[in-house]
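The chain contents come next:
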Amino acid sequence: MNSTKVIDAKGLACPMPIVRTKKAMDELAPGEILEVHATDKGSKNDLTAWAGSTGHELLKSEEEAGVFKFWIKKGE
Amino acid sequence: MITMMTAKDVGTMVKHKEELFILDVRNQTDYQDWRIEGEQVESINIPYFDLIDGVDGVLDQIPAHKKLLVVCAKEGSSKFVAEQLAEAGLEQVAYLQGGMKSWSEHLEQVLVFADERMKVYQFLRLGKGCLSYMVVSGGEALVIDPSRFTDVYLDAAKHEGAKISHIVDSHLHADHISGGKQLAQMTGADYYMMKSEGAVFSFKPLEEHDRIRFAQVDLRVLAVKTPGHTPGSVSFFVNDKLLFSGDTLFVGGLGRPDLGGKAAEWAQDLYDTVYGKMAAMADDVIVLPGHYAELDREVNESGYVGAQLGVIRAANELMKQQDKKSFVDQVVAQAKTETPPNFEEIIAINRGVEEATAERQQELEIGPNRCALHHTHE
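Conventions used here
Along each chain, residue indices are assigned from 1 in the same order as the chain's sequence is written. Each chain gets a letter, beginning with A, and each ligand a number, beginning with 1, in the order they are written. Per-residue local features are limited, in this predicted model, to residues with pLDDT of at least 70; the limit for side-chain atom pairs, both in listing and counting, is 80 or more; totals at the level of whole chains, interfaces and linings are taken over all residues. By definition, pLDDT measures how confident the predictor is in each residue, and it falls between 0 and 100. The helix and strand labels rest on DSSP assignments: H or I over at least four residues marks a helix, E over at least two residues marks a strand, and numbering proceeds from the N terminus. For every residue pair, C-beta atoms are placed from the backbone, and the pair is scored as a contact if these atoms sit within 7 Å. Residues are grouped as follows: nonpolar covers Ala, Val, Leu, Ile, Met, Phe, Trp, Tyr, Cys and Pro; charged covers Asp, Glu, Lys and Arg; every other residue, Gly included, is treated as polar. UniProt positions are given in the numbering used here, feature names are shortened, and annotations may be inferred rather than shown by experiment. Counting other C-beta atoms within 10 Å of each residue's C-beta, where C-beta atoms are placed from the backbone, gives the exposure class: buried for 20 or more, exposed for 12 or fewer, partly exposed between. An arc is given here, and it is the one of the directions from the helix axis to the C-beta atoms.

### Some thoughts on the confidence of the model for chain A
Per-residue pLDDT for chain A has a mean of 92; in total, 100% of the residues score no lower than 70. For chain A, the element scoring lowest by mean pLDDT is helix α2 (residues 43-54) of chain A, at 89; strand β2 (residues 33-38) of chain A scores highest, at 96.

Pasting the structure below:
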């Protein structure tokens, strides 16, 4: 997947992964894709809920060796 | 300035029915699933990610005269939001240390009963609705349905100058991890549970010990179970006064029969218990259950969850002059399919067939209790 930008939020505890994600997302144009890497276990639920409430689309998520990766498409 | 509150502080406030306003900043589904409740606790839910750019939008939703507590899953986000609220000019802003994880693990100890023969304490796990007990007599203590926070029971026994000599589990728990095995290892106490529940480690089977006696305590085991049936739960009748009813009988009604997937068979056993052994018990027997669903409704004026058997019987149609078939039909019709979170893994751990790290145990237990849910709005 072609990500426009990658955010490394590994090792950061809640709320920082979302704070960073939101900041980065503000700088993207609609349709562009943000990739987020995080290790906080709550990040999956929270990113899903956040994307849903803001109109962005969580395209994909995966977990590998304790690292959660998310691809979020910026909404209109 | 913001302050920190511990789960113990919140427990004390809930117990004393003090006013508290909670801003829960977890996401909506978590909040809907379970939250801090109490008679004087009011809460609203605004996810922290809606407050990243500022808290001005929520200020008018927060009452000025109440103590405010910000709550999240672990702590970080609540602190983040609390700081912003304080900067916006709110006074008396606190956050919950350790978040809902800590709340899930806090036990509140309450004296239930005391006479010349014994003293009985209830331990309320407010964040989960689980109850455990300690019966103290003549320097010995018996623990019923201990949670995995074994230090709490060790401290309580020490405070009473007693040694934990007996531990019983009323059934194989599906909603929380039992501390029975660990507590037995730490104290050398005898640990009893039903053999039919399938635990693979060594313990004393209740099938062979239907009476436990120590000091001035005489405990009789009432089995709801008949051989060959899968799910089972026993009750403990102590000194003809106290009925520790496990998952059989709650303040709000009868237990849920569905976890083993054999509701009808379980309901028949339940009928035999309710209309057999329990029917013969006096109205003033105090019922002390293994769970509650709604604290406000089930806690009594003494501050513990429990009620006289006569009162429960009078309020419960199912316990009054039913024939077996109609009883079974009604219980089966009321059975719910909703199960406690992670119940299969929790059961496997309680049977001793699986092991889990402390962190995993914590994760597995997070969330609502669903063992006692169904009977509250009958």
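Additional details are given in the paragraphs that follow.
### Focus: the interface of chain B and chain A
Counting from both sides, the interface comprises 13 residues of chain B and, opposite them, twelve residues of chain A. Counting residues per element, the side of chain B that touches chain A draws most heavily on helix α3 (residues 76-87) of chain B, at three residues. Each residue belonging to the side of chain B that touches chain A can be placed in one class, and the counts come to six nonpolar, five polar and two charged.

### Some words on the UniProt feature "domain: UPF0033" (unreviewed entry) in chain A
UniProt's entry tags residues 7-31 of chain A with the feature "domain: UPF0033" (unreviewed entry), counted in the numbering of this structure. Split by type, residues 7-31 of chain A is 44% helix and 12% strand. Its first and last C-alpha atoms lie 17 Å apart.

### Considering helix α11 (residues 343-351) of chain B
Note: α-helices contain 3.6 residues per turn, so residues at a spacing of three or four share the same orientation. Residue and element names in this part refer to chain B. All of the buried residues along α11 are I346, I347, I349 and N350. The buried residues of α11 occupy one face: seen down the axis, they fall within an arc of 160°. The inward-facing, buried residues of α11 contact α12 (358-365). Downstream of α11 by a residue or two, G352 has a phi angle that is positive, lying close to 85°.

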